[in-house]
2 protein chains.
Amino acid sequence: CVTLLALQQSPIDQVAWDQTQILNPWQYVGFATLPNQVHRKNGEERCLGCIFLSVGESGLGKSTLINSLFLTDLYKDRKVPNAQERIDQTVNTIKHTISIEEKGIKVRLTVIDTPGFGDAVNNTESWNPIEDYIDQQFEQYFRDESGLNRSNIQDNRVHCCLYFISPLGHGLRPLDVACMKALHNKVNIVPVVAKADSLTQAEVHRKKMKIREEIEQFGINIYQFPECDSDEDEDFKKQDQILKDSTPFAVIGSNVQVESKGRKFRGRVYPWGVVEVENSAHSDFLLLRNMLVRTHMQDLKDVTGETHYENYRAQCIQNMTRMVVQQKKCRWVESGCRESEKLLHMFSKKRNVDAETRASYIFILPSGSSKPV
Amino acid sequence: CVTLLALQQSPIDQVAWDQTQILNPWQYVGFATLPNQVHRKNGEERCLGCIFLSVGESGLGKSTLINSLFLTDLYKDRKVPNAQERIDQTVNTIKHTISIEEKGIKVRLTVIDTPGFGDAVNNTESWNPIEDYIDQQFEQYFRDESGLNRSNIQDNRVHCCLYFISPLGHGLRPLDVACMKALHNKVNIVPVVAKADSLTQAEVHRKKMKIREEIEQFGINIYQFPECDSDEDEDFKKQDQILKDSTPFAVIGSNVQVESKGRKFRGRVYPWGVVEVENSAHSDFLLLRNMLVRTHMQDLKDVTGETHYENYRAQCIQNMTRMVVQQKKCRWVESGCRESEKLLHMFSKKRNVDAETRASYIFILPSGSSKPV
């Protein structure tokens, strides 16, 4: 006997935009472990929060997965565009923010959606708005960091891009390759195989192998899990290896709560069986959530700050230096021109002396000057 | 206890291209009912065979569904292109033909594949090669039919286009709308929702509703089932209504034979249950097969010949008539020009008479002629 309980009636949905949602004791995401991660890295507490970018064509269950990951309802006012709107639509970015509190730990969660991506007949350069968004956040941070008052900078840099790969294709699609290559040096890409409940276990295994091969073949730099410290315990090392071997994570999401055999869980009810979102035998959902929230959130932020942002900053400084050099050159040429003009003016005055005197002048114009001798 | 038996070991796979595959008694497609259909329509037997066009982006299980529908292995030498090949690929058409014999009834089955459709970053006009293929078959038939020896015409006209819609999107994609609108006046389009095992029953219901709405909204003319004769029995009428209400058919295919609880069937084994391809509670697969093979194959061919081909033929004749009229006009203008030249030549000769005689000439040039009076 299986009962479906719409999550619209659960306390989750009473949370509005930018208000704090306090999770029930039975709802456990793992945010409570965040201070340990921060402590683990450098002993000083930081602002708890993370900014995710969710990229993938429509219908891959991106919103549902985000809701399932963070036990929230980030898209309550969402309107799915109709067919005509989908035809006219261009790619844009929409920001959703919510604060979640778990066991006294408050986390500010931001998800950037990219509606319209991959849905048009012609998707050429449809990743440009996404690339621009990431760059704009870096630019803002660079301005703030270079300004006078930099003690309270609002950090909006994107820490992680969840890239949703269709479960249908034979590996990566040309659009996936092009988009990931456009973003891979700007953001930590975590690829996931969406709606994995349409794949049997053998198909999931084959698809993961193929995607990993193609990621390597095309030189796409996805997020690399850090190497384990040698003094970590064996259990931690084993879990870490499982995590690395599971990329790209095959995930299933659900907005529906199912009651079956006395248990309540997020799931999907098919005529041939019930899929449990948080069952490790059914998908990599728990692995992904643990990675994003419990074990690697701080590393995602560190890589963003230390690698992607530093690359952007170095590029900026290089460009600025080049501009300054160019400006200097321009000024030098301009001043050279003015000097030449002056001398030419003097020369034309001297030309007005009578023909006999003029014949005795010899003009030598060395390079960079034009001086009558 | 579930056992997977690869169909590679079954007798199906020993059938080569264009050889006759004789189905086992437990393998029943329904071709044996074809002579009844033919009889039902006009009392005389026709050539048994049908030409299907299979359109949809890669990974929608088109080949698997075709194999499941006709209990065959039409794609045994198929090579799935790798990622680089997929990037470089353009849309083309590939023809597969096989003869199948069931209970003494032989059917020649042709499936036209359209690899590469919908897979590129830019899919603008990617339906053109498909449109061209259909037109070429009409053109060939038109030439043959207009020739001297028309008793043994090879009829390659496409009778049915199985259009595969992704189960992931929120209804039709812009590419689906554009492609179906390009083809709908040339071929019978039968839309199917592919890989429906990724949708719960409620989702299937909603998706079908939405697709039907959008098909109407965009004025797409899909294949319309003929109205039932009033003298048909109630059971037939009921089945016919179920068929009409099920469009677009939500289908599941499989190349794998499963053995479970003493039964063998084509299916898909998930950790949460086993999907049976030929189970009506799991998908519309049986409805689609019955429609294509047992009840509507002859109607699909009749509509192709009587509507789509006749439209093409009328258009051809219209174009030819227009061309003939234009050629006539050209000839008339040309002959008019030659006549004028002659008269001008005569006139210039006459101009050589002396000035007094010349003064008495009055030239009247009525419309269409230039005759000196």
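Look a little higher up for the structure.
Residues numbered from 1 in each chain as written. Chains lettered and ligands numbered in written order. Predicted model: local features only at pLDDT ≥ 70, side-chain atom pairs only at ≥ 80, totals over all residues. Heavy atoms only, no water.

Trainee: Now, about the nonpolar core: what can you tell me, with residues and values included?
Mentor: Core analysis: the largest hydrophobic core is formed by 158 residues, its most contacted members being Leu 288 of chain A together with Leu 288 of chain B. Beyond its immediate sequence surroundings of up to four residues, Leu 288 of chain B is in contact with Leu 65, Leu 69, Leu 162, Val 190, Val 192, Phe 249 and Val 251 of chain B. (Core = buried A, V, L, I, M, F, W, Y, C linked by side-chain atoms within 4.5 Å. Buried < 20%, exposed > 50% of the residue type's maximum accessible area, 1.4 Å probe, protein only. Contact = heavy atoms within 4.5 Å.)

Trainee: So what's going on with the packing of helix 2 (residues 62–70) of chain A against helix 8 (residues 285–295) of chain A? Which residues, and what values?
Mentor: All names here are of chain A. Running from N to C, helix 2 and helix 8 cross one another at 70°; their axes reach a closest spacing of 10 Å. Considered as vectors, helix 2 and helix 8 are oriented roughly perpendicular to each other. Of the two elements, helix 2 crosses helix 8, and the hand of that crossing is right-handed. In this structure, helix 2 contributes Leu 65, Ser 68, Leu 69 and Phe 70 to the contact, and helix 8 contributes Phe 285, Leu 288, Arg 289, Leu 292 and Val 293. Partitioned by chemical class, the residues of the contact of helix 2 with helix 8 number 7 nonpolar, 1 polar and 1 charged. (Axes fitted to C-alpha atoms, helices over the stretch in contact; angles between N-to-C directions. Helix = DSSP H or I, 4+ residues; strand = E, 2+ residues; numbered from the N terminus. Parallel < 35°, antiparallel > 145°, perpendicular 65-115°, else oblique. Left-handed = near helix turned anticlockwise from the far one by under 90°. Nonpolar A, V, L, I, M, F, W, Y, C, P; charged D, E, K, R; others polar.)

Trainee: Talk me through empty space enclosed by the protein; I want residue IDs and the actual numbers.
Mentor: The tally for this structure, following the rule as stated, stands at 6 cavities of 30 Å³ or more. Of the pockets and cavities examined, the largest cavity occupies roughly 240 Å³. Along the wall of the largest cavity there are 22 residues; nearest its centre are Gly 118 and Arg 173 of chain A together with Glu 57, Gly 118 and Arg 173 of chain B. Broken down by element, the residue count for the lining of the largest cavity peaks at 3 residues, all from strand 6 (residues 160–165) of chain B. Among the residues forming the lining of the largest cavity, the class breakdown is 9 nonpolar, 6 polar and 7 charged. (1 Å grid on protein atoms, 1.4 Å probe; cavity = no way out; pocket = protein on both sides within 12 Å on 5 of 7 lines; lining within 4 Å. Points joined across faces, edges and corners; volume = space filled by probe spheres on them.)

Trainee: How would you summarise the relation of the copies chain A and chain B if you had to cite specific residues and measurements?
Mentor: Expressed as a screw operation, the relation of chain A to chain B combines 0.1 Å of axial shift with a rotation of 180°, fitting to an RMSD of 0.1 Å. The two molecules are tied by a two-fold rotation axis, judged by turn and shift. Residue by residue, 100% of the interface of chain A is reproduced at the interface of chain B, so both copies engage with the same surface. (Least-squares fit on C-alpha atoms with pLDDT ≥ 70 in both.)

Trainee: Pulling in residues and values, what's your account of unusual backbone geometry?
Mentor: The peptide bond linking Thr 247 of chain A to Pro 248 of chain A adopts the cis configuration, its omega dihedral lying at -10°. Of note, the phi angle at Glu 125 of chain B is positive, near 55°, even though the residue is not glycine. Within the secondary structure, Glu 125 of chain B is located in the loop between strand 5 (105–113) and helix 4 (128–146). The phi dihedral of Lys 195 of chain B is positive, around 45°, even though this residue is not glycine. Among the secondary structure elements, Lys 195 of chain B is positioned in the loop between strand 7 (189–193) and helix 6 (201–217). Looking at Lys 195 of chain B, the relative accessible area reads 24%, which means it is partly exposed.

Trainee: Which residues make up the interface of chain A and chain B, and what values do they have?
Mentor: Size of an interface: often given as the accessible area lost when the parts come together. Each partner contributes residues to the interface: chain A has 50 residues there, and chain B has 50 residues. The junction of chain A with chain B conceals about 4,100 Å² of combined surface from both sides, 60% of it contributed by carbon and sulfur atoms. The three residues of chain A that bury the most area against chain B are Val 121, Leu 168 and Trp 272 of chain A, which together make up 21% of that side's buried surface. At the boundary of chain A with chain B, the tally comes to 4 salt bridges. Here Arg 268 of chain B and Glu 203 of chain A are joined by a salt bridge, their closest N and O atoms 2.6 Å apart. Joining chain A to chain B, the criterion identifies 10 residue pairs in polar contact (both at pLDDT 80 or more). Secondary-structure elements contributing two or more residues to the side of chain A that touches chain B are helix 3 (83–88), helix 5 (174–183), helix 6 (201–217), strand 10 (263–270) and strand 11 (273–276) of chain A. (Buried area = accessible area lost by both parts, 1.4 Å probe. Salt bridge = Lys/Arg side-chain N within 4 Å of Asp/Glu carboxyl O. Polar contact = N/O pair within 3.5 Å; in protein donor to acceptor, adjacent residues only side chain to side chain.)

Trainee: Go over the packing of aromatic side chains with me, naming the residues and quoting the values.
Mentor: As enumerated under the stated definition, the model contains 14 aromatic pairs over all chains in all. Judged by centre distance (5.8 Å) and plane angle (45°), the rings of Phe 138 of chain A and Tyr 309 of chain A are tilted. With Phe 138 of chain A in helix 4 (residues 128–146) and Tyr 309 of chain A in helix 9 (residues 297–350), this residue pair connects regions lying 171 residues apart in the sequence. For the residue pair Phe 138 of chain A and Tyr 309 of chain A, the accessibility class agrees, reading buried in each case. Arranged with centres 5.0 Å apart and planes meeting at 85°, the rings of Tyr 141 of chain A and Tyr 309 of chain A form a pair that is edge-to-face. On the criterion of sequence distance, the pair formed by Tyr 141 of chain A in helix 4 and Tyr 309 of chain A in helix 9 is long-range, its members being 168 residues apart. Each member of the pair, Tyr 141 of chain A together with Tyr 309 of chain A, is buried. Ring-pair connections join several aromatic residues into one group, and the members of that group are Phe 138, Tyr 141, Tyr 309 and Tyr 312 of chain A. When the ring centre of Tyr 309 of chain A is taken as reference, the NZ or CZ atom of Arg 157 of chain A above it lies at 4.8 Å. Across from the ring centre of Tyr 141 of chain B, 3.6 Å away, lies the NZ or CZ of Arg 157 of chain B, which sits over that ring. (Phe/Tyr/Trp six-rings, centres within 6.5 Å; stacked < 30°, edge-to-face > 60°. Lys NZ or Arg CZ within 6 Å of the ring centre and 35° of its normal.)

Trainee: Would you mind going over the environment of Arg 86 of chain B in detail, with residue names and values included?
Mentor: Counting through the fold element by element, Arg 86 of chain B comes out in helix 3 (residues 83–88). Between the C-alpha atom of Arg 86 of chain B and that of Glu 101 of chain B, which follows or precedes it by 15 residues, the distance is 36 Å.

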